[in-house]
Each structure stands twice: as structure tokens, then as C-alpha cells.
Amino acid sequence: MKTKIKKYRKELKMTQEELAEAVDVTRQTIIALEQGRYNPSLILAYNVTKALQKRYIEDVFALDEID
């Protein structure tokens, strides 16, 4: 899964640790999300989206193309 977490987090001058605390996960989870190595639950995706001050989950997360 591709994300724009890092881009939006940096726009807000937010650290990985601050985002992790805001959504109640570990910093390692944020790292994995930013690198596309972890697919979040719908609730986590929603919480990350709100913490990044975006309106829609699709603004932050995009499914990889299906062949």
C-alpha cells in the first residue's frame, strides 16, 4: 500500500513519535506504514488520516494497482 504519511507529517512538522502517540501505536508502526510494509486496519487508517488533518482516507492511503 502506498501512502503520503511522510509528506503530510513533514508538512505539519510532526515527528514519527508524535504521530505514533496521536494514533496510539509505536514509532515502528509509523515507520512500517510510511515504507508501505504494513497495511493498516480501517480504524488505524482513519486515525492517521485525522491526525494528519486530512478529510478522506484516500487522501493518505492508496491501494497498489491490481494486475
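A brief structural summary. (Residues numbered from 1 in each chain as written. Predicted model: local features only at pLDDT ≥ 70, side-chain atom pairs only at ≥ 80, totals over all residues. Heavy atoms only, no water.)

Let's talk about the pattern of salt bridges
Pairing is possible between side chains that carry opposite charge, provided their charged atoms lie close to one another. Evaluated as defined, the whole model comprises 1 salt bridge. Its salt-bridge partner being Glu-34, residue Arg-9 comes within 2.6 Å of it at the nearest N-O pair. Of this pair, Arg-9 sits in helix H1 (residues 5–11) while Glu-34 sits in helix H3 (residues 27–34), and the two are 25 residues apart along the sequence. Since its relative accessible area comes to 7%, Arg-9 is described here as buried. With relative accessibility at 17%, the residue Glu-34 sits in the buried group. (Salt bridge = Lys/Arg side-chain N within 4 Å of Asp/Glu carboxyl O. Helix = DSSP H or I, 4+ residues; strand = E, 2+ residues; numbered from the N terminus. Buried < 20%, exposed > 50% of the residue type's maximum accessible area, 1.4 Å probe, protein only.)

So, the nonpolar core
For soluble globular proteins, nonpolar side chains are generally found buried alongside one another. Among the nonpolar cores identified, the biggest contains 15 residues, and Ile-5, Leu-19, Val-48 and Leu-52 are the most heavily contacted of them. Taken together, the elements giving at least two residues each to this core come down to H1, helix H2 (16–23), H3 and helix H4 (42–51). Considering every element that reaches this core, the biggest residue donor is H4, with 4 residues. If sequence neighbours within four positions are ignored, Leu-19 has contacts with Ile-5, Arg-9, Met-14, Ile-30, Ala-51 and Leu-52. (Core = buried A, V, L, I, M, F, W, Y, C linked by side-chain atoms within 4.5 Å. Contact = heavy atoms within 4.5 Å.)

Things to note about the environment of Val-48
Mapped onto the elements, Val-48 comes out in helix H4. Setting aside residues no more than four positions away along its own chain, Val-48 makes contact with Ile-5, Val-23, Leu-33, Val-60 and Phe-61.

Re unusual backbone geometry
Even without glycine at this site, Lys-13 takes up a positive phi of about 55°. In this structure, Lys-13 sits in the loop between H1 and H2. Judged by its relative accessible area of 73%, Lys-13 falls in the exposed class. If you check the backbone angles, Gln-53 has positive phi at about 60° while not being a glycine. Within the fold, Gln-53 resides in the loop between H4 and helix H5 (57–60).

So far we have only geometry, and geometry alone does not tell us how the molecule works.
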